[in-house]
Amino acid sequence: MNSSILVINCGSSSLKFALIDSASHEAVMTGLAEKLGLADACITFKHDGGKQTALLSAPDHAAAMHAIIEKLQQVSLLDSVKAIGHRVVHGGEHFKQSALLDETAIDEIERCIKLAPLHNPAHILGIRTAIKEFPSLPQVAVFDTSFHQTMPEKAYLYAVPMKLYRENSLRRYGMHGTSYRFVAEEAAKMLGKPADETSLVIAHLGNGASIAAIRNGKCADTSMGLTPLEGLVMGTRSGDIDPSVFGYLATERGMDITSITNMLNKESGLLGLSELSNDCRELEEAAAKGHEGAKRALEVFAYRLAKYVASMSVGAGRLDAVVFTGGIGENSSFLRAEVINQLGFLGLKLDAAANEACIRGNAGRITAADSVPALVINTNEELMIAMDTAELAGLAK
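Remember, it's a predicted structure, so these values are computed and weren't measured experimentally.

Asks: Before we go on, may I ask you to explain the overall build of the protein in this structure?
Replies: When helices and strands are tallied, the protein shows 15 helices and 14 strands. For the protein, the C-alpha radius of gyration of 21 Å lies close to 21 Å, the compact-globule estimate for 397 residues. The proportion of buried residues among the 397 residues of the protein is 51%. The contacts of the protein with a sequence gap of at least 6 include a subset with a gap of at least 24, amounting to 61%. Here the protein has roughly 18,100 Å² of accessible surface; of this, 52% comes from carbon and sulfur atoms. When the 37 positive and 46 negative side-chain charges of the protein are each reduced to one mean point, those points stand 2 Å apart.

Asks: What is the right way to look at the pattern of salt bridges in this model?
Replies: Taken as a whole and judged by the stated rule, the model has 15 salt bridges. The salt bridge involving Asp-40 is made with Lys-35; its shortest N-O contact spans 3.3 Å. When its relative accessible area of 37% is taken as the criterion, Asp-40 is described as partly exposed. We note a salt bridge from Arg-171 to Glu-93, for which the minimum N-O separation is 2.8 Å. Of this pair, Arg-171 sits in the loop between helix 5 (162–168) and helix 6 (177–191) while Glu-93 sits in the loop between strand 6 (81–88) and strand 7 (99–100), and the two are 78 residues apart along the sequence. Each member of the salt-bridge network shares a partner with another, and the members are Glu-103, Glu-110 and Arg-128.

Asks: Whenever I open this one, helix 15 (residues 381–392) confuses me. Can you help?
Replies: Residues separated by three or four positions in an α-helix point in the same direction, a consequence of the helix having 3.6 residues per turn. For helix 15, with twelve residues, the first-to-last C-alpha span of 17 Å sits near the 16 Å given by 1.5 Å per residue. Within the span of helix 15, buried status applies to Leu-383, Met-384, Ile-385, Ala-386, Asp-388, Thr-389 and Ala-390. Where helix 15 ends, the next residue or the one after it, Gly-394, has phi of about 75 degrees, a positive value.

Asks: What is the right way to look at the sheet that holds strand 1 (residues 4–10) in this model?
Replies: Paired through backbone hydrogen bonds, the strands of a sheet run either parallel or antiparallel to each other. Strand order in the open sheet formed by eight strands is 5-4-3-2-1-6-8-7, with mixed pairing between adjacent strands. Among the strands making up the open sheet, the edge pair consists of strand 5 (50–55) and strand 7. Across five bridges, the pairing between strand 6 and strand 8 (residues 139–143) is parallel. Note on strand 8: the bridge partner recorded for Gly-85 is Val-140.

Asks: How should I be thinking about the packing of helix 1 (residues 61–74) against helix 3 (residues 120–133) in this particular structure?
Replies: Geometry of a packed helix pair, given as the angle between the helix axes and the separation of the axes. Across the interface, helix 1 lies against helix 3 with an axial gap of 10 Å and an inter-helix angle of 45 degrees. Considering their axes alone, helix 1 and helix 3 lie oblique with respect to each other. In this structure, the crossing between helix 1 and helix 3 has a hand that is right-handed. The segment helix 1 lies against helix 3, with His-61, Ala-62, Met-65, His-66 and Ile-69 engaging Leu-125, Gly-126, Thr-129, Ala-130 and Glu-133. Looking at side-chain class alone, the contact of helix 1 with helix 3 contains five nonpolar, four polar and one charged residues.

Asks: How should I be thinking about the nonpolar core in this particular structure?
Replies: Most often, soluble globular proteins have nonpolar side chains that are buried together. By size, the foremost hydrophobic cluster in this structure holds 44 residues, and its most contacted members are Leu-205, Ile-211, Leu-305, Phe-324 and Leu-348. Mapped by element, the contributors of at least two residues to this core are strand 9 (200–205), strand 10 (209–215), helix 10 (280–288), helix 11 (292–316), strand 12 (321–325), helix 13 (333–340) and strand 14 (374–376). Top contributing element to this core by residue count: helix 11, with eleven residues. In contact with Ile-211, other than residues within four places in its own chain, are Tyr-180, Val-201, Ile-202, Ala-203, Asp-221, Thr-222, Ser-223, Leu-232, Leu-305, Tyr-308, Val-309 and Met-312. Grouped together as the second largest cluster of nonpolar side chains are 32 residues, Val-7, Ala-18, Tyr-156 and Ala-184 included.

Parameters at a glance
- Residue indices follow the written sequence of each chain, beginning from 1 at its first position.
- Given that the model is predicted, a residue must reach a pLDDT of at least 70 before its local features are reported, and side-chain atom pairs must reach 80 or more before they are shown or counted; all residues, however, enter totals for whole chains, interfaces and linings.
- The side-chain values count all of the structure's non-hydrogen atoms but skip hydrogen atoms and water molecules.
- In DSSP terms, a helix is any run of H or I states spanning at least four residues, a strand is any run of E spanning at least two, and both are numbered starting from the N terminus.
- For a compact globule the rule gives 2.2 Å times the number of residues to the power 0.38, and the radius of gyration it is set against comes from C-alpha atoms.
- Between buried and exposed lies partly exposed: a residue is buried under 20% and exposed over 50% of the maximum accessible area for its type, with that area taken using a 1.4 Å probe on protein chains only.
- Contact between two residues is taken to exist if any of their heavy atoms lie within 4.5 Å; hydrogens are not considered.
- Only the protein chains shown count as covering a residue, and every accessible area follows the Shrake-Rupley method with a 1.4 Å probe.
- A positive count includes Lys and Arg, and a negative count includes Asp and Glu. His and the chain ends are not counted in either.
- Charge positions come from single atoms, namely NZ of Lys, CZ of Arg, CG of Asp or CD of Glu.
- Salt bridges are defined by distance alone: a side-chain nitrogen of Lys or Arg within 4 Å of a carboxyl oxygen of Asp or Glu.
- Under the convention used throughout, the expected extent of a helix is 1.5 Å for every residue step, that is, one less than its residue count.
- The rule for pairing is simple: two strands pair if DSSP sees at least two bridges between them.
- A fitted line through C-alpha atoms serves as each axis, taken over the contacting stretch for helices, and the angle formed by two N-to-C directions is quoted from 0 to 180°.
- Angles below 35 degrees are treated as roughly parallel, those above 145 as roughly antiparallel, those between 65 and 115 as roughly perpendicular, and all remaining angles as oblique.
- Throughout, a crossing is termed right-handed when the near helix is turned clockwise from the far one, and left-handed when it is turned anticlockwise from it by less than a right angle.
- Ten residues, namely Ala, Val, Leu, Ile, Met, Phe, Trp, Tyr, Cys and Pro, are considered nonpolar, four, namely Asp, Glu, Lys and Arg, are considered charged, and the remaining ones, Gly among them, are considered polar.
- We call a set of buried Ala, Val, Leu, Ile, Met, Phe, Trp, Tyr and Cys residues a nonpolar core when their side-chain atoms join them within 4.5 Å.

Next up, the structure:
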């Protein structure tokens, strides 16, 4: 077969991978190792329409990587792997684009641990494991933050003493950049415009959710900040909140910084508002049956998202289109309708039938012919990582 790129997304207790054919851009095999660190750690492979799950020989990332190699050997795909691409959440200000990995680059990623303590250590572990298993192959890091490095100071600075930025790197960084880059290019194609002449507001909506303003193909603003907690209401994250909540809850409830931070990250958002679930599908079903908490959570989610679409239009400069992507954005016709119906003043008018049709992988326009376009686009972060990796490894055709 053609040469392929192995894309690795390593979490603290999981390892997600995809084998991407560099010519067809199709995923030849995908898989997920999960419950790493636990006795029942396992790995699931999807290949040729089939699905197979097996226990790992040991509950760690090295065993997961070994299992991937063994599987690739079994199906005669290992020799096709010509480079490895790694998703890395945080590249700080150092990485403004994807980078070939060497010890210097890995050291810089380690310096960003303070900015992403839950993510970057796992990425580094995955990188080092992959280098050990594939020592002769070029390896590339693709950063969630790099796309947002084009933001101007007025968008990324917080109104705090400047020494905190200079000495402690306190600023807005943003996440989901790899997704935004892919979706912005796809949206430009759908609109029939050059990417560098296209201005968009893109909402990446999943359990983690954010929104970005794209001005002439480049990021002008985004909702996530120093960490992925800021911005939109999310599955279990609060999004924007008054910072004085920390002092208030410390006084009123005797909570410390760690417990409040944990609550805002893991017990808030849709889960906290609904007192039922962080799963949008479950909430929509419950709301349809009259569950007040589910209705409340969805209303807050949609309202806050609509407000952010309006505010991000300032960063975009003009509105060529509003774009929905991510698991919720691509599949929740209900929430898309709720948001668009609140944005009539921006010139958006829903096409209900088109909106209902854009689920389960169907992409397209969901607004009327005389409306500002709203689009549903299926993101593909793995492909973007593979394409960057092929280019930096000298494999791009």
